[in-house]
Every structure is written in structure tokens, then in C-alpha cells.
Amino acid sequence: LGTVEDLGGNLGSPDLPAVGAGASLPDHVTLEVDTTAPFVVQVTSPTSDAVPLHQGDTIDVAAELSEPVVFASAPSINLDLGPVPAPAIYPGGASPTALLTFRWVVLAGQNSPDLDLVAHGAFVGSLEDVAGNPLTAPPPTGAAAGSLA
């Protein structure tokens, strides 16, 4: 048995009053508890794999989620560019949201014939739905293994 709290974090009692008692719910009301974790539907980039990457290029990576998520600090997503992942940063926006667009600025020496996510730990940060269920991983892959474009 867990705890009951409102969106403000105030703890409440998990016990409901008896039907017919003061502050009770009518017989026909059903309570639903959200236990379904949000998940990544798709991750895409408008930048084609066929386009060569150059230092200073800005690449957007969009993550579509199954439901809106909230976050306390800006999340990031790790791109697979060899031995050292390249973080694409969420530049800001409203929370909760079901579409996160991350931005990566290509640095010297960062190039890849295929724009991919890292296989494990692609999403960095605490992402959860409004009920507190954490985002599940891993994200789906594109046309090729790990491909975004």
C-alpha cells in the first residue's frame, strides 16, 4: 500500500469514508489509479543520415511520448557517436508535455554516418507522468537499428 498525495505533495489518508457518510462518494463513482508508465512512441530527426555533419550544425531530435510528462530540470538525450555519447539538450518548454524536442550542436570531431541514440540510457533526467509513473526505456528504433533519420 502506497501513499496518497495531491499534486502539491500534501499527504492524505488512503481510507475512504463509508458510503452515505459525510464526504463520501456516491455509489456510482469509480476511482481509477494511474499505474501505467509513459513510454517513448518514436524518436525522429528532420536531419537526414545522408547530410554530412559539420562543426556548429544544429540538429533537432524529437521524442514523442505516449502521454505528457513532467520534469524538475531540463532533460537530455544521448546520441551515439562512438565511444563518447553526445548529449542533445532540451532547450526549454512547458511541462507537462508529450513532445520533447532536443537540440544538439555538433562539436569538432563529432561525426557519424548514422544519427543514432545510445542503446542504453538514452534519456537523462527524471521524466514521469502527472501520476508519478516514470518514463520507461528503451526508446524504439527507426528504420535501421538505432536510426533517427
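Placed above this text is the structure.
All of these numbers come straight from a predicted model, not from anything done at the bench. (Residues numbered from 1 in each chain as written. Predicted model: local features only at pLDDT ≥ 70, side-chain atom pairs only at ≥ 80, totals over all residues. Heavy atoms only, no water.)

S.K.: Would you mind going over a nonpolar patch on the surface with me for this structure?
M.R.: Among the surface-exposed residues, Leu 16, Val 29 and Leu 31 lie close enough to one another that they form a single nonpolar patch of about 290 Å² accessible area. With respect to the helices and strands, Val 29 occurs in the loop between strand 2 (11-12) and strand 3 (40-44). In this structure Val 29 comes out as partly exposed when scored by relative accessible area, which is 36%. (Patch = residues over 30% accessible without salt bridge, like charges linked within 9 Å, V, L, I, M, F, W, Y side chains within 5 Å. Areas by Shrake-Rupley, 256 points an atom, 1.4 Å probe, with all protein chains shown as cover. Salt bridge = Lys/Arg side-chain N within 4 Å of Asp/Glu carboxyl O. Helix = DSSP H or I, 4+ residues; strand = E, 2+ residues; numbered from the N terminus. Buried < 20%, exposed > 50% of the residue type's maximum accessible area, 1.4 Å probe, protein only.)

S.K.: Sorry, what's going on with the environment of Thr 97 here?
M.R.: Residue position: Thr 97 is located in strand 7 (residues 97-105). Classification of Thr 97 by relative accessible area gives buried; the value is 16%. Residues Thr 97 and Glu 67, spaced 30 residues apart in sequence, show a C-alpha to C-alpha distance of 7.6 Å. A distance of 3.2 Å separates a polar side-chain atom of Thr 97 from the backbone oxygen of Leu 99. (Polar contact = N/O pair within 3.5 Å; in protein donor to acceptor, adjacent residues only side chain to side chain.)

S.K.: Teacher, can you tell me more about the nonpolar core here?
M.R.: Soluble globular proteins: nonpolar side chains tend toward being buried together. Core analysis: the biggest nonpolar cluster contains 26 residues, and Val 43, Ile 77, Leu 79, Leu 100, Phe 102, Trp 104 and Phe 123 have the highest contact counts within it. Among the elements of the structure, strand 3, strand 4 (58-69), strand 5 (76-80), strand 6 (86-89) and strand 7 are those that each provide at least two residues to this core. Tallying contributions element by element places strand 4 first for this core, with five residues. (Core = buried A, V, L, I, M, F, W, Y, C linked by side-chain atoms within 4.5 Å.)

S.K.: How should the packing of aromatic side chains be read in this particular structure?
M.R.: The relative placement of two aromatic rings is captured by the distance of their centres and the angle of their planes. Within this structure, the stated rule accounts for three aromatic pairs. Geometrically, the ring pair formed by Tyr 90 and Phe 102 is edge-to-face, given 5.9 Å between the ring centres and 65° between the ring planes. On the criterion of sequence distance, the pair formed by Tyr 90 in the loop between strand 6 and strand 7 and Phe 102 in strand 7 is long-range, its members being twelve residues apart. Summarising the burial analysis for this pair, Tyr 90 and Phe 102 share the class buried. Here the aromatic rings of Phe 102 and Phe 123 are separated by 6.1 Å at their centres, their planes lie at 65°, and the arrangement is edge-to-face. Placement of the pair is Phe 102 in strand 7 and Phe 123 in strand 9 (residues 123-124), with a sequence separation of 21 residues. Here Phe 102 falls in the buried class, since its relative accessible area comes to 0%. (Phe/Tyr/Trp six-rings, centres within 6.5 Å; stacked < 30°, edge-to-face > 60°.)

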